[in-house]
Amino acid sequence: MDKTQDTIDLLKEYNQHHIINLLSKIEEKEKEELIEQISNIDFDQIMELYDNTKKEIEIKENKIESTSYLDKEKLTKEQKEEFDMLGETAIRKGEYAVVTMAGGQGTRLGHTGPKGTFKLDVYGKGKYLFEILAENLKEANQKYETIIPWYIMTSKENNEETVNFLEKNNYFGYSQKDIIIFTQSELPLVDTEGKLLINKEMKIKEASDGNGGTYSSLRASGSLADMKERGIKWIFIGGVDNVLLKMADVTLLGMAIKKGVQIASKSVVKANPHEKVGVFCKMNNHPKVIEYAELPEKMAEETDINGELKYGESHIMCNLYTIDAIEKVSKEALMYHSAFKKNSYIDENGREIIPEEPNSYKFESFIFDAFEFFDDIAILRGKREDDFAPVKNKEGVDSPKTAKELYEKYWERQKRGT
Ligand code: UTP
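Position numbers for residues start from 1 in each chain and track the written sequence from start to end. Totals for whole chains, interfaces and linings use all residues, but because this is a predicted model, local features are given only for residues with pLDDT of at least 70 and pairs of side-chain atoms are given and counted only at 80 or more. The basis for every side-chain value is the complete set of heavy atoms in the structure, and neither hydrogens nor water enter the calculation.

A. Fine view of the site of the ligand. The rule for a residue being near a molecule or strand is that one of its heavy atoms must lie within 4 Å of it. Around the ligand sit 22 residues, and of these Met101, Thr107, Gln184, Lys341 and Lys392 come closest. Polar contact is the term for a pair of N or O atoms within 3.5 Å; when the atoms are in protein, one must be able to donate a hydrogen and the other to accept it, and sequence-neighboring residues count only if both atoms are side-chain atoms. In the environment of the ligand, an oxygen atom lies 2.8 Å from a nitrogen or oxygen atom belonging to the backbone of Gly106. Within the side chain of Lys341, an N or O atom sits 2.7 Å from an oxygen atom of the ligand. In the complex, 93% of the free accessible area of the ligand, which totals 560 Å², lies under the protein chains. Note on residue classes: Ala, Val, Leu, Ile, Met, Phe, Trp, Tyr, Cys and Pro are nonpolar, Asp, Glu, Lys and Arg are charged, and everything else, Gly too, is polar. Among the residues making up the shell around the ligand, the classes are represented as 5 nonpolar, 10 polar and 7 charged. Accessible surface area values rest on a Shrake-Rupley calculation with a 1.4 Å probe, where residue burial reflects the displayed protein chains alone.

In structure tokens:
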């Protein structure tokens, strides 16, 4: 069988003539590698995902209701003490692990390099995002006299750079045997005409398949098995870019233990009805996060009898699971969403094109799409100024400037004990 001819036939079938053209121009070794890569791509899946980018999202058929939560500020003294004691005991017993999702591309921030290697300009000297997270965990380790295993998820694209960076910085003083780095899976990127992009290595350009890939990647990488061996019962999964993230919140953990739920999450109340964040709700009786673009305007503005937004609990990538919950969702296929992003590529003349406007779709599954596999979720409302300072955009809202301000103010308050 002629592998090259088969590949050409396949590419014709899926309207990828620019890659046929490329195959005729590159050297034998590159050609073999490209053919190998193509043989591992599920073109039906990619073309279906591309077709879906043109369809409108329908949520009208579904029954959407608001969801309940506990406000950390309004817990009684006894409630708070009980939660904290339960959470602290589990951490002290070595039953708690943390996962940091660091496989994103960080396109909006525009930092060259993995997002965790971005240095936030705090206190003159600055701190890397990974450093801030390491400090947060080390503080918990000291307080609870344990070492919390820290799993860091990278992408194929940024793994090497992340590992080198952490090594060079001596893992910011974290015990190396308790840092486990694993890599998530990828999917090809497609342009607005459904054509796959080519990268500088003359391969099809792929990118991580969204933070929903965390669950299956934990399993595939052996990290889930490692957790079981260590006797882990609770797993916290957080993002890399919230400089006020509390990676070991005993109140959240204790609340989940007390309520006997499989999943729990920290929220903060929406800054305004139209803030661009996903919010918690119940859809067809299951927990769900609706993205801002998918929430009808009327619902976004709806208030309850206390005058609070009915759909006001924002999802801030601060999620907690039992190990059984991770085991379960690691075997489920989550739906994919498409994100229209700026991605550089090599054009038909071999030139690198760095677009100024979004030019291609990245297909991603979202971490919160796993919630609907459960009957219930326990939500703890935190405080924005204590819990949420994301570094997303280069400028404006959720930028290094706003995160720096929130971070410095938070630590000033801590020092003053207020
Ligand atoms: P975002 O969705 O905000 O993406 O990720 P991002 O990569 O940081 O930024 P943009 O959208 O390209 O500008 C939220 C969290 O999920 C992780 C990110 O690293 C971040 O911690 N993530 C995202 C992954 O680990 N893998 C992915 O495929 C996507």
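B. Here's a closer look at the packing of helix α1 (residues 3–13) against helix α3 (residues 28–39). Only C-alpha atoms enter the line fits that serve as axes; for helices the fit covers just the stretch in contact. Angles between N-to-C directions range over 0 to 180 degrees. The helix and strand labels rest on DSSP assignments: H or I over at least four residues marks a helix, E over at least two residues marks a strand, and numbering proceeds from the N terminus. Their axes nearest at 11 Å, the elements α1 and α3 cross at an angle of 50°. In terms of axis orientation, α1 runs oblique to α3. Once α1 is placed against α3, the crossing between them reads as left-handed. On α3, the residues that touch Lys3, Thr4, Thr7, Leu10 and Leu11 of α1 are Lys31, Ile35, Glu36 and Ile38. Considering only residue class, the contact of α1 with α3 consists of 4 nonpolar, 2 polar and 3 charged. By definition in this entry, angles of less than 35 degrees are roughly parallel, angles greater than 145 are roughly antiparallel, angles of 65 to 115 are roughly perpendicular, and the rest are oblique. By definition, turning the near helix anticlockwise from the far helix through less than a right angle yields a left-handed crossing, and turning it clockwise yields a right-handed one. We call two residues in contact when some of their heavy atoms are within 4.5 Å.

C. Seen up close, the nonpolar core. Tyr96, Ile148, Trp150 and Leu320 are the most contacted members of the largest nonpolar core, which totals 42 residues. Per-element tally for this core: the top contributor is helix α6 (residues 129–144), with 6 residues. Ala325, Leu334, Phe374 and Ile377 belong to the second-largest nonpolar core, a separate cluster that totals 31 residues. The term nonpolar core refers to a set of buried residues drawn from Ala, Val, Leu, Ile, Met, Phe, Trp, Tyr and Cys, joined through side-chain atoms within 4.5 Å. Classification of residues uses two cut-offs on accessible area relative to the type maximum, computed with a 1.4 Å probe and protein chains only: under 20% is buried, over 50% is exposed, and between them is partly exposed.

D. Structural context of the layout of surface pockets. Throughout, the protein atoms alone are placed on a 1 Å grid, and a set of points is a cavity if a 1.4 Å probe fits but cannot get out or a pocket if it is open with protein on both sides within 12 Å along at least five of seven lines; lining residues have an atom within 4 Å of a point. Grid points are joined across faces, edges and corners, and a volume is the space filled by probe spheres set on the points. Its volume calculated, the second largest pocket comes out at about 1000 Å³. Gln105, Glu157, Lys205, Asn343 and Ser344 are the residues nearest the centre of the second largest pocket, which is lined by 33 residues in total. Among the residues making up the lining of the second largest pocket, the classes are represented as 7 nonpolar, 14 polar and 12 charged.

E. Quick look at the pattern of salt bridges. When a carboxyl oxygen of Asp or Glu is within 4 Å of a side-chain nitrogen of Lys or Arg, the pair counts as a salt bridge. Per the counting criterion, the structure on display carries 36 salt bridges. Notably, a salt bridge pairs Glu95 with Lys93, separated by 3.8 Å at the nearest N-O pair. Of the residues examined, Glu95 reaches a relative accessible area of 12% and is grouped as buried. Owing to a relative accessible area of 57%, Lys93 belongs among the exposed residues under this scheme. Taken together, the shared-partner salt bridges connect Asp71, Lys74, Glu308, Glu313 and Arg381 into one network.

F. Quick peek at the pairing of strand β13 (residues 279–283). Within β13, 5 of the 5 residues are buried, leaving the element largely enclosed by the surrounding structure. Alternating residues of β13 divide into Val279, Cys281 and Met283 and Phe280 and Lys282, and every residue in both groups is buried. Note on pairing: two strands pair once DSSP finds at least 2 bridges between them. Two elements, strand β1 (residues 64–65) and β13, share 2 bridges in a ladder whose sense is antiparallel. Bridge pairing links Ile64 to Met283 in β13. Counted along the chain from β13 to the antiparallel partner strand β14 (residues 286–290), the turn is 2 residues long, and its residue Asn284 has a positive phi close to 50°.

G. Region of the structure containing the side chain of Lys115. Secondary-structure assignment places Lys115 in the loop between β3 (96–101) and β4 (119–120). Among the residues examined, Lys115 registers a relative accessible area of 13% and is labelled buried. Excluding residues within four positions of it along the chain, Lys115 makes contact with Gly106, Leu109, Leu129, Val240, Asp241, Val391 and Lys392.

H. Inspection of the packing of aromatic side chains at higher detail. Two rings belonging to Phe, Tyr or Trp (six-membered ring only in the last case) form a pair when the distance between their centres is within 6.5 Å. Interplanar angles under 30 degrees mark stacking, angles over 60 mark edge-to-face geometry, and anything in between is tilted. Throughout the structure, instances matching the rule amount to 14 aromatic pairs. Where Phe165 meets Phe172, the ring centres are 5.9 Å apart and the plane angle is 50°; that geometry is what we call tilted. Here Phe165 falls in the buried class, since its relative accessible area comes to 12%. Residue Phe172 is classed as buried on the basis of its relative accessible area, which comes to 12%. Through successive ring pairs, a cluster of aromatic residues spans Tyr123, Tyr407, Tyr410 and Trp411. Over the face of the ring belonging to Tyr410 we find Lys246, whose NZ or CZ atom lies 4.3 Å from the ring centre. Any Lys NZ or Arg CZ found within 6 Å of a ring centre and within 35 degrees of that ring's normal is scored as a charge over the ring. Over the ring of Phe374 we find Lys328; its NZ or CZ atom is 5.4 Å from the centre of that ring.

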